[in-house]
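# An overview of the molecular structure
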Amino acid sequence: MSSAPRPIRILPSILASDFARLGEEVRACIAAGGDMVHIDVMDGHFVPNLTFGPDIVKAIRPATDAPFDVHMMVAPVDPWIEPFAKAGADVISVHAEAGPHLHRSLQLIRAAGRKAGVVLNPGTHESVLEPVLDDIDMVLLMSVNPGFGGQKFIPATLEKIRRVRAMIEGRAIALEVDGGVTPDNAGALAAAGADWLVAGSSVFKDGPAHYARNIAAIRNAAEAARGVLV
Ligand code: DX5
Ligand code: ZN
């Protein structure tokens, strides 16, 4: 468990939202208690799915003041960093597996004035983080293989969270987890050391009238496990 609990943040992933009403969905999930908007950018090459370009991020930017957390599943990623920064991304994370120049990508994100994150697939060892610990504001551990929402949480992620938490302890680096997050595993994730919980299906299920209930269930489970008062 983390020795100094940091605030739990819940990040609705709009991949699970109604794309025909995207702006309204962004507004609704933040009004319902989401802390940041998680935006999955997929290129049909690094991952077998296609989603949002920078123009879509720009179009939904006015829907909320909440930060945009942009998860880039793109290779090569460097040419897209500035367009997404300009479109309104606040945090931009790049996969360690997406190319040979992770450090350069992180420099580009910070040069664009945005917070930089590194994402690790479930099959990637956390040792790749060591050389870039001074260059990141966030680590995102995938708890499913990236590309699709609605997949089952991979339990080995919990041990990885503990190991990465130990690596980043004492640094201003957030630990985010993405994939298969539900009220049932949020407590274990928080206890292992996760700060930011991304949730798609478990936030957007049952329609807008239930977003607040869905988000509260994840947050309450996480905070109870950490012993943090709201
Ligand atoms: C998967 C994406 C996730 C996805 C999570 O590649 O990175 O952000 O939206 O969806 P759920 O919460 O449904 O597993
Ligand atoms: Zn994601």
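Here the structure is shown first, and the text comes after it.
Just so we're clear, the structure is a prediction, and the values are computed from it rather than from any experiment.

### Focus: the pairing of strand 2 (residues 37–42)
With 6 of 6 residues buried, strand 2 lies mostly within the body of the structure. Handedness of the crossover joining strand 2 and strand 3 (residues 68–73) through helix 2 (residues 54–60) is recorded here as right-handed.

### Quick word on the coordination of the zinc ion (ligand 2)
The protein atoms that coordinate the zinc ion (ligand 2) are His 38 (NE2), Asp 40 (OD), His 71 (ND1) and Asp 178 (OD), at distances spanning 2.0 to 2.3 Å. Taken together, the 6 donor atoms surrounding the zinc ion (ligand 2) define angles of 71 to 168° at the centre, an arrangement classified as octahedral. Classification of His 38 as buried rests on a relative accessible area of 0%.

### Overview of the packing of helix 5 (residues 157–168) against helix 6 (residues 183–192)
Relative to each other, helix 5 and helix 6 sit at 25°, their axes nearing to 8 Å. Classified by the interaxial angle, the pair formed by helix 5 and helix 6 is roughly parallel. The chirality of how helix 5 crosses helix 6 is right-handed. Here Leu 158, Ile 161, Arg 162 and Arg 165 of helix 5 lie close against helix 6, whose contacting residues are Ala 188, Leu 189 and Ala 192. Partitioning the contact of helix 5 with helix 6 into residue classes produces 5 nonpolar, no polar and 2 charged.

### So, the site of ligand 1
Near ligand 1 you find 20 residues, and of these Ser 13, Gly 147, Asp 178, Gly 200 and Ser 201 are the closest. A distance of 2.8 Å separates an oxygen atom of ligand 1 from a polar atom in the backbone of Gly 180. Between ligand 1 and the protein, one listed contact pairs an oxygen atom with a side-chain N or O atom of Ser 201 at 2.4 Å. When the free accessible area of ligand 1 is taken as 380 Å², the share hidden by the protein chains comes to 99%. Because more than half of its atoms lie within 2 Å of the grid, ligand 1 is assigned to the largest pocket. Mapped onto the shell around ligand 1, the elements with two or more residues apiece are strand 2, strand 3 and strand 8 (196–199). Of the residues forming the shell around ligand 1, the biggest block, 3 residues, is contributed by strand 2. Residues belonging to the shell around ligand 1 are distributed by class as follows: 8 nonpolar, 10 polar and 2 charged.

### Overview of the nonpolar core
Core analysis: the largest hydrophobic core is formed by 64 residues, its most contacted members being Ile 14, Ile 39, Leu 106, Val 118, Ile 161, Leu 189 and Leu 197. Ranked by residues supplied to this core, first place goes to helix 5 with 5 residues. Look past the residues within four positions of Leu 189 in its chain and what remains in contact with it is Phe 153, Leu 158, Ile 161, Val 177, Val 181, Ala 194 and Leu 197. Counting residues in hydrophobic clusters, the runner-up holds 11 residues, among them Val 91, Met 138, Met 142 and Trp 196.

### So, the side chain of His 71
The residue His 71 is located in strand 3 in this model. Looking at His 71, its side chain comes within polar contact range of the side chain of Asp 40, at 3.0 Å. Within polar-contact distance, the side chain of His 71 engages the side chain of His 95 at 2.9 Å. Not counting residues up to four positions away in its chain, the partners in contact with His 71 are His 38, Ile 39, Asp 40, Val 41, Ser 93, His 95, Val 119, Leu 140, Met 142 and Asp 178.

### So, unusual backbone geometry
Trans is the prevailing form of peptide bonds, just as negative phi is the prevailing case for residues other than glycine. The step from Ala 75 to Pro 76 runs through a cis peptide bond, and the omega angle for that step is -5°. The phi torsion at Asp 206 lies on the positive side, around 75°, for a residue other than glycine.

### Let's talk about the sheet that holds strand 8
Ordered in space as 1-8-7-6-5-4-3-2, the 8 strands form an open sheet in which the pairing is parallel. One side of each edge strand has no neighbouring strand; the edge strands of this open sheet are strand 1 (9–12) and strand 2. When the angles between neighbouring strand axes are averaged without regard to direction, this sheet yields 25°. Lying over the sheet, helix 3 (residues 78–87) contacts strand 2, strand 3 and strand 4 (91–95), oriented at roughly 160° with respect to strand 4. Contacts from helix 5 reach strand 5 (115–120), strand 6 (138–142) and strand 7 (174–178) within the one sheet, and its direction differs from that of strand 7 by about 165°.

### A word on the pattern of salt bridges
Applying the stated criterion across every chain yields a total of 15 salt bridges. Across the pair Asp 137 and Arg 110 runs a salt bridge, and its minimum N-O distance is 3.0 Å. Here Asp 137 is found in the loop between strand 5 and strand 6, whereas its partner Arg 110 is found in helix 4 (residues 102–111), with 27 residues between them in sequence. In this structure, Asp 195 and Arg 165 form a salt bridge, with 2.9 Å as the shortest nitrogen-oxygen distance. With Asp 195 in the loop between helix 6 and strand 8 and Arg 165 in helix 5, this pair connects stretches of sequence that are 30 residues apart. Neither residue differs from the other here; Asp 195 and Arg 165 are each classed as buried.

How each quantity is defined
Residues numbered from 1 in each chain as written. Chains lettered and ligands numbered in written order. Predicted model: local features only at pLDDT ≥ 70, side-chain atom pairs only at ≥ 80, totals over all residues. Heavy atoms only, no water. Buried < 20%, exposed > 50% of the residue type's maximum accessible area, 1.4 Å probe, protein only. Helix = DSSP H or I, 4+ residues; strand = E, 2+ residues; numbered from the N terminus. Right-handed = clockwise from strand over helix to strand, strands pointing away. Donors = N, O, S within 2.8 Å, 3.2 Å for Na, K, Ca; no water. Tetrahedral: all angles 85-135°; square planar, octahedral: opposite > 155°, others 65-115°. Axes fitted to C-alpha atoms, helices over the stretch in contact; angles between N-to-C directions. Parallel < 35°, antiparallel > 145°, perpendicular 65-115°, else oblique. Left-handed = near helix turned anticlockwise from the far one by under 90°. Contact = heavy atoms within 4.5 Å. Nonpolar A, V, L, I, M, F, W, Y, C, P; charged D, E, K, R; others polar. Near = heavy atom within 4 Å. Polar contact = N/O pair within 3.5 Å; in protein donor to acceptor, adjacent residues only side chain to side chain. Areas by Shrake-Rupley, 256 points an atom, 1.4 Å probe, with all protein chains shown as cover. 1 Å grid on protein atoms, 1.4 Å probe; cavity = no way out; pocket = protein on both sides within 12 Å on 5 of 7 lines; lining within 4 Å. Sits in = over half its atoms within 2 Å of the grid points. Core = buried A, V, L, I, M, F, W, Y, C linked by side-chain atoms within 4.5 Å. Pairing = 2+ DSSP bridges. Salt bridge = Lys/Arg side-chain N within 4 Å of Asp/Glu carboxyl O.

Limitation: the analysis is restricted to geometry and does not speak to function.
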